[in-house]
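# Chain and residue survey
Chain residues, written in single-letter form:
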Amino acid sequence: MATEQKARIGVTGLAVMGSNLARNLARHGFRVAVHNRSAAKTKTLVEQHGHEGDFVAAESLADFVDSLQTPRQVIIMVKAGGPTDAVIDELVELLEPGDMVVDGGNAHYADTRRREAALRERGLHFVGTGISGGEEGALNGPSIMPGGSPESYQHLGPVLEAISAKVDGQPCCTHVGPDGAGHFVKMVHNGIEYADMQLIAEAFDLLHKVAGLGAGEIAEVFRGWNSGDLESYLVEITAEVLGHVDEATGKPFVEVVADQAEQKGTGRWTVQEALELGVPVTGIAEAVFARSLSGHTEQRAAAQKVLPGPSSVSSVADRDAFVEDVRQALYASKVVAYAQGFDEIRAAADTYDWDIDLGAMATIWRGGCIIRARFLERIKDAYDTNKDLPSLLVDSYFADAVIKAQEAWRRVVVAAAAAGVPAPGFSSALSYYDALRSERLPAALIQGLRDFFGAHTYRRVDREGSFHTLWGEGRNEIDA
Ligand SMILES: NC(=O)C1=CN([C@@H]2O[C@H](COP(=O)(O)OP(=O)(O)OC[C@H]3O[C@@H](n4cnc5c(N)ncnc54)[C@H](OP(=O)(O)O)[C@@H]3O)[C@@H](O)[C@H]2O)C=CC1
Ligand SMILES: O=C(CO)[C@H](O)[C@H](O)COP(=O)(O)O
């Protein structure tokens, strides 16, 4: 193929995400090479959308690589895990030093670190890139979180920024950091997505079971909330889903959907990594466990037969006041979940020496992605003011917000417990808030117990050093 006919960039893997990303690239004037393992998807894409831009269709991976300008830029959009490795293995044999391989799938960041190191050895750039926004975002502008070398971003940045979502004229794409940084940030994005959805689901459950509102009424409540502090894509689509009526039964859609939440794994990864890093992401963990619990149908059926709820539940005296309390509890719990997610990113950045700009992450999540929300602007401001903020909760804006919400938050958690309605997200967020602000924690007793049964030693509040009490021999304290 003549050089002038070669494509600026290529996409291999043309399922939902890849095909829409390719169309987005083409619509932005980039000549884009397209390839899929089974050629039917390539043919369909070009037949249905060829008029939207300049596509170069290839049946084989070799033809696909041959159709690209050098240094070559290839975006892989296939299933994460083994399929991604399979595509990389085939690709590297066809590429030359200086070429760039972008993995836009939901890869585990440790896989990305491994792949980046392996390709670097061959003189290739590997760019693990988080892409969020689903089908609609891929087509019209996703949030893009590229990792990899600064050099690769010099080539890829202009293309990725062009196709990303824009907020206030700013692209929702920036270079996150080296090797696995982009996929780590995308993983935490998804973890926060889990926490956010769990909190929304709890708010719905409380409004339904405690305040007695129907799905249609709750849809209106969420619609109203979407014009205030809670304004976000997830709150907006909650109103849509709750307002939807099932055609077959005439019932609210939410009442005919099986109540078992599925998961592909990115939320679980976020919690696993937080455990390794020692960061308490309680909101995300509760969300992952709540999905797991919902799927334990046999246990749930057995428990329903033998475990009663509270003997009496008093009805809500003032519905409007309760709705407002739930709104405030939702907002405060959301702030906690985001604060924890940003803590995890900071911990990983410290561990892997990634130098991630937390304010920039909030900036690129303002548009295009699933957790896009008005208050990300406030998070950006908080980290711009102090990049070393110990916790988002101590930023003056967020501290003020949770302090204002705390009485309502407590009333909601009490009401949920009294009514026997599970609210693990709301209550664990409140416990986190209380733990963080406590002058003394019962961790001191845990240290005492550890020293008692295992001579694990403890530190004291009044002098430096490590100590052990001889619990079985007169209880004298010795230096450890
Ligand atoms: N769907 C979404 O909303 C989002 C998805 N993602 C991530 O983007 C990536 C693509 O997602 P999506 O578009 O949903 O597609 P899928 O995850 O469903 O993957 C399907 C694609 O993978 C290809 N594929 C599977 N196995 C292989 C293999 N061994 N060799 C070559 N190609 C293979 C398929 O080719 P074939 O047609 O030949 O079977 C097809 O193109 C995934 O990593 C996903 O996690 C990220 C954000 C959002
Ligand atoms: O990546 C995403 C958005 O950015 C997807 O929404 C996410 O994969 C959905 O995850 P799950 O199926 O586990 O709820």
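Values in this document were obtained by computation on a predicted structure and should not be read as measured data. (Residues numbered from 1 in each chain as written. Chains lettered and ligands numbered in written order. Predicted model: local features only at pLDDT ≥ 70, side-chain atom pairs only at ≥ 80, totals over all residues. Heavy atoms only, no water.)

Asn-106, Ser-132, Lys-186, His-189, Asn-190, Glu-193, Tyr-194, Gln-263, Lys-264, Gly-265, Arg-291 and Ile-370 make up every residue found near ligand 2. One of the side-chain N or O atoms of Ser-132 is found 2.7 Å from an oxygen atom in ligand 2. Within the side chain of Glu-193, a nitrogen or oxygen atom sits 3.1 Å from an oxygen atom of ligand 2. Per-element accounting of the shell around ligand 2 gives the leading share, 5 residues, to helix 8 (residues 181-209). (Near = heavy atom within 4 Å. Polar contact = N/O pair within 3.5 Å; in protein donor to acceptor, adjacent residues only side chain to side chain. Helix = DSSP H or I, 4+ residues; strand = E, 2+ residues; numbered from the N terminus.)

Overall, the coordinates contain 15 aromatic pairs when judged by the stated rule. An angle of 80° between the planes, with centres 4.7 Å apart, marks the rings of Tyr-338 and Phe-375 as edge-to-face. Of the two residues, Tyr-338 sits in helix 15 (residues 319-352) while Phe-375 sits in the loop between helix 16 (358-364) and helix 17 (376-385), which places them 37 residues apart along the sequence. In this pair, the class of Tyr-338 matches that of Phe-375, namely buried. Here the aromatic rings of Trp-409 and Tyr-433 are separated by 5.3 Å at their centres, their planes lie at 55°, and the arrangement is tilted. Of this pair, Trp-409 sits in helix 18 (residues 396-419) while Tyr-433 is found in helix 19 (residues 424-437), placing the two residues 24 residues apart along the sequence. An aromatic cluster is built from Tyr-331, Tyr-338, Phe-375, Tyr-397 and Phe-398, whose rings are joined through pairwise contacts. The ring of Phe-375 carries Lys-334 above its face, with NZ or CZ at 5.5 Å from the centroid. (Phe/Tyr/Trp six-rings, centres within 6.5 Å; stacked < 30°, edge-to-face > 60°. Buried < 20%, exposed > 50% of the residue type's maximum accessible area, 1.4 Å probe, protein only. Lys NZ or Arg CZ within 6 Å of the ring centre and 35° of its normal.)

The subject of this paragraph is the sheet that holds strand 2 (residues 32-35). Spatially, 7 strands are ordered 3-2-1-4-5-6-7 in an open sheet, and the strand pairing comes out mixed. The strands lining the two open edges of the sheet, one partner per strand, are strand 3 (55-57) and strand 7 (143-146). Strand-to-strand twist across the sheet, computed as the mean angle between neighbouring axes with direction ignored, equals 25°. Helix 2 (residues 39-49) contacts strand 2 and strand 3 of the sheet and is inclined by roughly 150° relative to strand 3. (Pairing = 2+ DSSP bridges. Axes fitted to C-alpha atoms, helices over the stretch in contact; angles between N-to-C directions. Contact = heavy atoms within 4.5 Å.)

Counting residues in each nonpolar core, the largest one holds 96 residues, and the members touching the most others are Phe-222, Trp-225, Phe-342, Ile-356, Trp-365, Ile-379 and Phe-426. Top contributing element to this core by residue count: helix 15, with 17 residues. Among residues more than four places away in sequence, those in contact with Phe-342 are Leu-358, Met-361, Ala-362, Trp-365, Ile-379, Tyr-383 and Leu-392. Leu-25, Val-34, Leu-45 and Ile-144 belong to the second largest nonpolar core, which has 26 residues in total. (Core = buried A, V, L, I, M, F, W, Y, C linked by side-chain atoms within 4.5 Å.)

Right, let's talk about unusual backbone geometry for a bit. The amide bond that connects Thr-70 to the next residue, Pro-71, takes the cis arrangement and shows omega of -10°. Relative to the helices and strands, Pro-71 resides in the loop between helix 3 (61-66) and strand 4 (73-76). Although it is not a glycine, Asp-353 sits at a positive phi angle of roughly 60°. Mapped onto the fold, Asp-353 is located in the loop between helix 15 and helix 16. Judged by relative accessible area, Asp-353 falls into the exposed class, the value being 67%. Residue Arg-475 is not a glycine yet carries a positive backbone phi of 60°.

Moving on, we get to the pattern of salt bridges. Counted by the stated rule, this structure contains 34 salt bridges. Ionic pairing is found between Asp-66 and Lys-6, a salt bridge with its closest N-O pair at 3.8 Å. Taken together, the positions of Asp-66 in helix 3 and Lys-6 in the segment before strand 1 (9-12) put the pair 60 residues apart, joining distant regions of the chain. A salt bridge links Arg-460 to Asp-462; the nearest nitrogen and oxygen atoms lie 2.8 Å apart. Under the relative-accessibility criterion, Arg-460 is labelled partly exposed at 32%. What emerges from the salt-bridge pattern is a single network uniting Asp-85, Asp-103, Asp-111, Arg-114 and Arg-115. (Salt bridge = Lys/Arg side-chain N within 4 Å of Asp/Glu carboxyl O.)

With that settled, the discussion passes to a positive patch on the surface. A surface patch of like charges, here positive, comprises Arg-37, Lys-41, Lys-79 and Lys-264. Tracing the backbone shows Lys-264 in the loop between helix 11 (253-256) and helix 12 (266-277). Overall, Lys-264 belongs to the exposed group, its relative accessible area being 86%. (Patch = residues over 30% accessible without salt bridge, like charges linked within 9 Å, V, L, I, M, F, W, Y side chains within 5 Å. Areas by Shrake-Rupley, 256 points an atom, 1.4 Å probe, with all protein chains shown as cover. Lys, Arg positive; Asp, Glu negative; His and termini not counted. Charge placed at Lys NZ, Arg CZ, Asp CG, Glu CD.)

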